[in-house]
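Residues per chain, in single letters:
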2 protein chains.
Amino acid sequence: MTQSDTFSLRGLESFFVGGENVMLDLTPTGDVALAMGSAARPLAQAGNYEIGQMYVQGFLGAPAEGTTPILMWHGGGMTGVTWESTPDGRPGWLELALRDGFDVYVSDAVERGRSSSPPDAITGMDAVFRPKELSWEVFRMGPDEGFSMDTGERVAYPGQRFPMQAFDTFCKQFVARWPELVPRVKSAYREYLARFEDCIVMVHSQGGGMSIDTTLACPGRVKALVLVEPSGAPESEDVSANKDIPHLVIWGDYFDQSPRWQEYRGEVERYLSAITALGGRVDVIDLPAQGIPGNSHFPMMDDNSADVWAMVSDWIRRL
Amino acid sequence: MTQSDTFSLRGLESFFVGGENVMLDLTPTGDVALAMGSAARPLAQAGNYEIGQMYVQGFLGAPAEGTTPILMWHGGGMTGVTWESTPDGRPGWLELALRDGFDVYVSDAVERGRSSSPPDAITGMDAVFRPKELSWEVFRMGPDEGFSMDTGERVAYPGQRFPMQAFDTFCKQFVARWPELVPRVKSAYREYLARFEDCIVMVHSQGGGMSIDTTLACPGRVKALVLVEPSGAPESEDVSANKDIPHLVIWGDYFDQSPRWQEYRGEVERYLSAITALGGRVDVIDLPAQGIPGNSHFPMMDDNSADVWAMVSDWIRRL
């Protein structure tokens, strides 16, 4: 199939999961003109708000009746845009999954993107921001000295598959987060799973720990977990609730360059070992170990993103 | 065609328009554990960020080769979610347009939704929030006393077509905005139009003033303007750059209940009169005047949203 071929959908969905009403006694900001050309008016900001909701966009594939929907969860400081396209304009895993006939749901975690940043977060808590420099390191793009704003250089690790010419474009996706809101984030993910009889949860990075935490709390709802470069796992003594869920984990390259990631990966591997010890199924696609070097922390954006997707899609269809 | 019929797409797009690099000397927030189960680390927040970008999601309809794409712009305190679905779960104008074969691009204005709230906005400027109470009034849902958090009552104007049982669900879409950032919002809209040889701009509420401002600044790029309940127009002496653009304006009901909206509509009608005086084409769908009472400020969500869309779609196809 060529990229110009069409694909079919049964429909689109867009909805919010969770959230609750709160009364916030915000002070007025003075007169504001909300409409262009009209008079400024006092703005009554005190009042009731919805907070803690999570935005979900659903794409109903065709022909997909009877197949299990895929829920795609992004990582930290990101939104559902992670899955939509690559920064250099190639189709993302969302579109590739739709072309394979899956139903796909893409969410923005609570407090991020279209889920809205609630007023109490903007006005009352410390936000966490991740500049380009830190992202360059955390996402295993290249050596620290490879990133220079002065020269504009982006010198990546040798063989790096991330579309480096689009690194700064990629940084436009970044959003703030509020560590104090993690309980709200988790709560909405639990409500989200409760909406589905059966689903496949596919996560990236920080979404890894979130998905393990959520599935431990909501047993019996998830047919499979696809962990793309998961950055952690909850410190749970008992992971038996997840032992019947087949796990697929995908690792990119350059772990030897990153003490941070050696620690993160260690946490995940301890969890996966516990699943295996309980008789559970854990499949690993360690890309460089399989002769495919050069993937970054974002295999869904790297130059072989369609090939990695094909492996994932194949694994899901064989479930 | 029934709702269960499938429709086809040629592809999905997702990209950012505009934006620029800024160095922000943000102070560290102390140690933060970004990954579940791992050690907290000092977070270097000072560094370079992208700010001022606008997120766009594109849906390439089929068969649509040769048709003019529709760009849907939301209103104040909202995101592109406006166009995706109704709060009670019916298809939004996005899906209806795709089923009609159009290419559709839905954006989140700068600073809102997936466009990200830039750090300098969150940390350094006053945000504007709109509580449910103010939204109830500004969106012409019902009399002030019809909204009560104490009783939970939502008593709308008689004949109101907005799906009132979903009013609080609808409020989950609201996002903050920063009046100081309006120049960035306008700048990104101008860059957005420059990407298209030809397009139809369809706007809601605050997007009305934005679209008129943008088209005046970028002549020759827009085939038609569809103004859905526009809330204002720029105070421009010379609107001749827009005189060759066919305008369609859609008005709902209950203007007699709202001095605010009488002023807003007056601003828009002054602009439209200037277009007409220059020999331009202005078509008006004044729903109650045409025997269709009861529409709120959100005709794309009201119970007759599909009927109103059919009028809009018909107008576009006759251009």
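Keep in mind it's a predicted model, so treat the numbers as computed, not measured. (Residues numbered from 1 in each chain as written. Chains lettered and ligands numbered in written order. Predicted model: local features only at pLDDT ≥ 70, side-chain atom pairs only at ≥ 80, totals over all residues. Heavy atoms only, no water.)

**Remarks on the overall build of chain A**
Spelled out, the test is: Only DSSP runs of H or I covering at least 4 residues are called helices, and only runs of E covering at least 2 are called strands; the numbering of each starts at the N terminus. Radius of gyration: C-alpha atoms only; globule rule: 2.2 Å multiplied by the number of residues to the exponent 0.38. In this scheme, a residue with accessible area under 20% of its type's maximum is buried, one over 50% is exposed, and one in between is partly exposed, where area comes from a 1.4 Å probe on protein chains only. Any pair of residues with heavy atoms lying within 4.5 Å of one another is described as a contacting pair. Within this scheme the basic residues Lys and Arg register as positive and the acidic residues Asp and Glu register as negative, but His and the chain ends are omitted. Where a charge sits is defined by one atom per residue type, namely NZ (Lys), CZ (Arg), CG (Asp) or CD (Glu).
Broken down by element type, chain A carries 8 helices and 10 strands. For chain A, whose C-alpha radius of gyration is 21 Å, the value lies close to the compact-globule estimate of 20 Å for 319 residues. With the C-alpha coordinates of chain A rotated into their principal frame, the extents come out at 65 × 50 × 50 Å. Looking at chain A residue by residue over its 319 residues, the buried ones come to 66%. Excluding contacts between residues fewer than 6 apart, the proportion of contacts in chain A whose partners are at least 24 apart in sequence is 74%. Across chain A, the centroid of the 26 positively charged side chains sits 3 Å from that of the 44 negatively charged ones.

**With respect to the relation of the copies chain B and chain A**
Rules: Only residues with pLDDT of at least 70 in both copies contribute their C-alpha atoms to the least-squares superposition of the copies.
Mapping chain B onto chain A leaves a residual RMSD of 0.0 Å; the transformation is a rotation of 180° accompanied by 0.0 Å of translation along its axis. Each copy turns onto its partner about a two-fold axis. When the interface residues of chain B are mapped onto chain A, 100% of them again fall at the interface, so both copies present the same face.

**What about the interface of chain B and chain A?**
Quite often, the size of an interface is put as the accessible area lost when its parts meet. Rules: The quantity reported as buried area is the accessible area (1.4 Å probe) lost by two parts once they are put together, taken as the sum for both. Salt bridge, as used here, is a side-chain nitrogen of Lys or Arg placed within 4 Å of a carboxyl oxygen of Asp or Glu. As used in this structure description, the phrase polar contact means that two N or O atoms lie within 3.5 Å; if the pair is within protein, one of them must be able to donate a hydrogen and the other to accept it, and residues adjacent in sequence are counted only when both atoms belong to side chains. All residues other than Ala, Val, Leu, Ile, Met, Phe, Trp, Tyr, Cys, Pro, Asp, Glu, Lys and Arg, Gly among them, are scored as polar; the first ten of these are nonpolar and the last four charged.
Opposite the 90 residues of chain B that make contact, chain A presents 91 residues. Of the roughly 7100 Å² buried where chain B meets chain A, counting both sides, 57% is carbon and sulfur surface. When the buried surface of chain B facing chain A is broken down by residue, M36(B), R114(B) and K172(B) rank first, second and third, together holding 13% of it. Across the chain B-chain A interface, the total number found is 10 salt bridges. The shortest N-O distance in the salt bridge between R41(B) and E263(A) comes to 2.9 Å. For the pair chain B and chain A, the number of links is 44 residue pairs in polar contact (both at pLDDT 80 or more). Put simply, the parts of the chain that give the side of chain B that touches chain A at least two residues each are strand 1 (7-24), strand 4 (47-61), helix 1 (93-99), strand 6 (104-108), helix 2 (119-124), helix 3 (132-138), helix 6 (206-217) and helix 7 (259-277) of chain B. Taken together, the residues of the side of chain B that touches chain A break down into 40 nonpolar, 28 polar and 22 charged.

**A short note on the nonpolar core**
What counts here: As used in this record, nonpolar core signifies buried Ala, Val, Leu, Ile, Met, Phe, Trp, Tyr and Cys residues forming a set joined through side-chain atoms within 4.5 Å.
Ranked by size, the top nonpolar core spans 179 residues in total, and within it W93(A), M202(A), W93(B) and M202(B) carry the most contacts. Non-local contacts of W93(B), meaning those with residues more than four positions away in its chain, are made with M72(B), W83(B), M202(B), V228(B), P299(B), M300(B), S305(B), V308(B), W309(B) and V312(B).

**A few points about unusual backbone geometry**
Within the chain, R140(A) stands out as a residue other than glycine whose phi angle is a positive 55°. With respect to the secondary-structure elements, R140(A) resides in the loop between helix 3 (132-138) and helix 4 (167-170). Phi at S116(B) is positive, roughly 80°, even though this residue is not glycine. Looking at the element boundaries, S116(B) is found in the loop between strand 6 and helix 2.

**Things to note about the pairing of strand 7 (residues 199-204) of chain B**
Residues and elements named next belong to chain B. How we decide: A strand pair is defined by DSSP finding two or more bridges across the two strands.
Of all 6 residues in strand 7, 6 are buried, a share of seventy percent or more. With burial as the criterion, each face of strand 7 is covered, one bearing C199, V201 and V203 and the other bearing I200, M202 and H204. As defined by bridge partners, strand 5 (residues 70-73) adjoins strand 7 across 4 bridges and the pair is classed as parallel. Opposite L71, over in strand 7, you have V201 as the bridge partner. In this structure, strand 7 lies alongside strand 8 (residues 222-228), joined through 6 bridges in parallel fashion. Residue pairing across strands places C199 opposite V222, the latter belonging to strand 8.

**Digging into the packing of aromatic side chains**
Let me state the cut-off plainly: A pair of Phe, Tyr and Trp rings is counted when the ring centres sit within 6.5 Å of each other, with Trp represented by its six-membered ring. The angle between the planes then sorts it: under 30 degrees is stacked, over 60 is edge-to-face, the rest tilted. In this scheme, the term charge over a ring applies when either NZ of a lysine or CZ of an arginine sits within 6 Å of the ring centre and within 35 degrees of the ring normal.
All told, the structure shown has 51 aromatic pairs over all chains when counted by the stated rule. Each ring, one from F147(A) and one from F167(A), has its centre 6.1 Å from the other, and the planes form 70°; the classification is edge-to-face. In this pair, F147(A) is assigned in the loop between helix 3 and helix 4 and F167(A) in helix 4, connecting sequence segments 20 residues apart. Taken as a pair, F147(A) and F167(A) share a single burial class, namely buried. Each member of the aromatic cluster is reached from another via a ring pair, and the members are W136(A), F139(A), F147(A), F162(A), F167(A), F170(A), F174(A) and F298(A). Above the ring of W261(A), the side-chain terminus of R140(A) is found at 5.1 Å from the ring centroid. For the cation-ring pair, R265(B) lies above F255(B), with the distance from its terminal atom to the ring centre recorded as 4.5 Å.

**What about the pattern of salt bridges?**
Under the definition given, this model contains 48 salt bridges over all chains. For R114(A), the salt bridge is made with D108(B), and the minimal N-O distance between the two is 2.8 Å. Of the two residues, R114(A) is situated in the loop between strand 6 (104-108) and helix 2 (119-124) and D108(B) in strand 6; the pairing between them involves two chains. Residue classification places R114(A) among the buried positions, given a relative accessible area of 0%. With a closest N to O distance of 2.9 Å, R99(B) and E95(B) form a salt bridge. Here R99(B) pairs with E95(B), and both are found in helix 1, just 4 residues apart, close to one helical turn. Among the charged side chains, a salt-bridge network with shared partners connects E50(A), K132(B), R154(B), D168(B) and K172(B).

As far as function goes, none of this settles anything; it's purely spatial.
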